[in-house]
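Observations on the model geometry
One-letter residues, chain by chain:
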Amino acid sequence: MAVLRGYAHCEICAENYILRAGVGIEKSQSHTFDCKSCGIPISVIVRANPPTAHFEPEENVIIDDSEGENAVVLNLHPFFAFDSKEIYALMAFPSLLYCAKIAPYLRVIPEQKTLGIPTQDVALQFDVPNASNLWNTVKNIFLLQERVGQNKRVIKAIEHYEKQRQKYFTETKVSNSKDVAFNFFDSLFYPRFEKLLDPAIELIYAIKSDHQQGFAEFCEFYSNHLKAQHSRQYISIFSDYFKIYNQLRQMVVHSRIGDEDVDEKIVGSKSFEAVKLYYGQAYESLTSFFVIFACLNNILVGRSYDQFQSMTLNKYMKDVSKEKKANPFEQTQPFYAFTDGLDSTLRNGSHHASIWRNGEKVFYRSGGTGAQREITYSRYLHLCNKLTISLAVLFIIELKLGDD
Ligand SMILES: [Zn+2]
């Protein structure tokens, strides 16, 4: 991955910058950072038309032709964070560090000579180029297939998806919406994706084969009462995610490979306004989808899907608070693993917008007592990614529920 260098100064206080940005194969990348001197958010866009690329101003910034006096170095990268000593360093190459992290998990893909992408460019192979645009195609496939008489458009959108992915993975084959959803989220979130999916699916198959009648009753209830609403909710929360994907993907490698070493990381591009409510929304969605695991768990322990140890399904859905939705299946690890990253206090802060950022820290207050807490900004993004991976896997599980 090439590093683009450019010069700029803050429109407000005239602080000079040397900007260094990793350039991928996407045509445009927006970056927002706090001015080191006056603190005002500065936004620049990296426009790439390989092999050339340049910076364009977006907000509070003037792009210069040459280096200004006492210029501050600032590193930006679309899908990596930096160490604190690197973020303002002229010789920072985060891809080198991350390549070492990613390499053990990387899927080998064939030579891609025609694309001009060096095969050893690990960073590009681990990423899904233009993921936000690609999500629009995935979303359209699911929206169109809900409607009568849109079959041809669905097929066309599936073909479009396949072509887009084949540019980078020539062997991509998808023939229906489930294939598309799996291919998309798996490419985006492996290996964590499989680590959650495989044990859960294995357990669900075991429940199905040991309790055929109970499982069939649950599937009928699911189709009639949950499926349509959940489907809308998934589309909505993933659309929110891809609106802020340029922020969240700077940290996504960590949640994908299960690396908790995130607090020292600094992302070059920060737009807290864009991400501050997302954690709360993802938390709401994920915990409301836990009804699937709760019902399956009832069957697993030999009860009807709607009979809990000490309550009915109706009570579970109406009266149990969000932070307790996973309690009924806390002994069932393949399901309980999906709670990783849930923090009800942070949810309250994010959900009620009593959350703010100062430098590399995010502060939030829980409701009621109002005790102030803090986490690093990088961990906030990391937790958002964790919940999203759980959501993506649960989405695939729900798509499989109707399968034979
Ligand atoms: Zn400034």
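Presented here is an overview of the structure given in this document. (Residues numbered from 1 in each chain as written. Predicted model: local features only at pLDDT ≥ 70, side-chain atom pairs only at ≥ 80, totals over all residues. Heavy atoms only, no water.)

**Considering the overall build of the chain**
Defined as follows: Strands here are runs of E lasting at least two residues and helices are runs of H or I lasting at least four, both read from the DSSP assignment and numbered beginning at the N terminus. Our radius of gyration is a C-alpha quantity, and the globule rule it is checked against amounts to 2.2 Å times the number of residues to the power 0.38. Exposed residues in this analysis have more than 50% of their type's maximum accessible area, buried residues have under 20%, and partly exposed residues fall in between, with area computed by a 1.4 Å probe over protein chains only. Areas reported here follow the Shrake-Rupley algorithm with a probe of radius 1.4 Å; residue values treat only the protein chains shown as occluding.
A count of helices and strands for the chain gives 16 helices and 12 strands. Here the C-alpha radius of gyration of the chain, 23 Å, is about what a compact globule of 404 residues would show, namely 22 Å. Counting only C-alpha atoms and orienting by the principal axes, one finds that the chain spans roughly 75 × 55 × 40 Å. Out of the 404 residues belonging to the chain, those deemed buried represent 52%. Carbon and sulfur atoms make up 49% of the accessible area of the chain, which amounts to about 18700 Å² in all.

**Digging into the environment of His31**
For the record, the criterion: We call two residues contacting when some pair of their heavy atoms lies within 4.5 Å.
For His31, the position within the fold is in strand β3 (residues 28-34). Classification of His31 as buried rests on a relative accessible area of 1%. Measuring from C-alpha to C-alpha, the distance between His31 and Val44 comes to 5.4 Å, with 13 residues separating the pair along the chain. Apart from residues no more than four positions distant in its own chain, His31 is found in contact with Ile42, Ser43, Val44, Val46, Leu76, His77, Pro78 and Ser269.

**Some remarks on the sheet that holds β3**
Here is the rule we go by: The criterion for strand pairing is that DSSP finds at least two bridges linking the strands in question. Only the contacting stretch of a helix is used when fitting its axis, a line to C-alpha atoms as for every element, and angles between N-to-C directions run 0 to 180 degrees.
Spatially, β3-β4-β5 is the arrangement adopted by the 3 strands of the open sheet, whose pairing is antiparallel. The open sheet has two edge strands, β3 and β5 (52-59), and neither has a second partner. Neighbour-to-neighbour, the strand axes of this sheet turn through a mean angle of 25°, independent of strand direction. As defined by bridge partners, β3 adjoins strand β4 (residues 41-49) across 7 bridges and the pair is classed as antiparallel. Counterpart to Ser30 in the pairing with β4 is Ile45.

**Digging into the coordination of the zinc ion**
Under the convention used in this document: Water is absent from the atoms considered, so a metal site may look incomplete; donors are defined as N, O and S atoms within 2.8 Å of the metal, or 3.2 Å for Na, K and Ca. The geometry test gives tetrahedral to four donors whose angles all lie between 85 and 135 degrees, gives square planar to four donors and octahedral to six donors whose opposite members are over 155 degrees apart with all other angles between 65 and 115, and gives irregular to the rest.
Coordination of the zinc ion by the protein comes from Cys10 (SG), Cys13 (SG), Cys35 (SG) and Cys38 (SG), over a distance range of 2.3 Å. Seen from the zinc ion, its 4 donor atoms lie at angles of 101 to 113°, and the figure they make is tetrahedral. Sequence spacing of the donors to the zinc ion: C-x2-C-x21-C-x2-C. Here Cys13, found in the loop between β1 (2-10) and β2 (16-23), pairs with Cys38, found in the loop between β3 and β4; they are 25 residues apart in sequence, far enough to count as distant. According to the relative accessible area criterion, Cys13 is partly exposed, its value standing at 29%. On the accessibility criterion, Cys38 (32% relative accessible area) is partly exposed.

So yeah, pure geometry; function would need other evidence.
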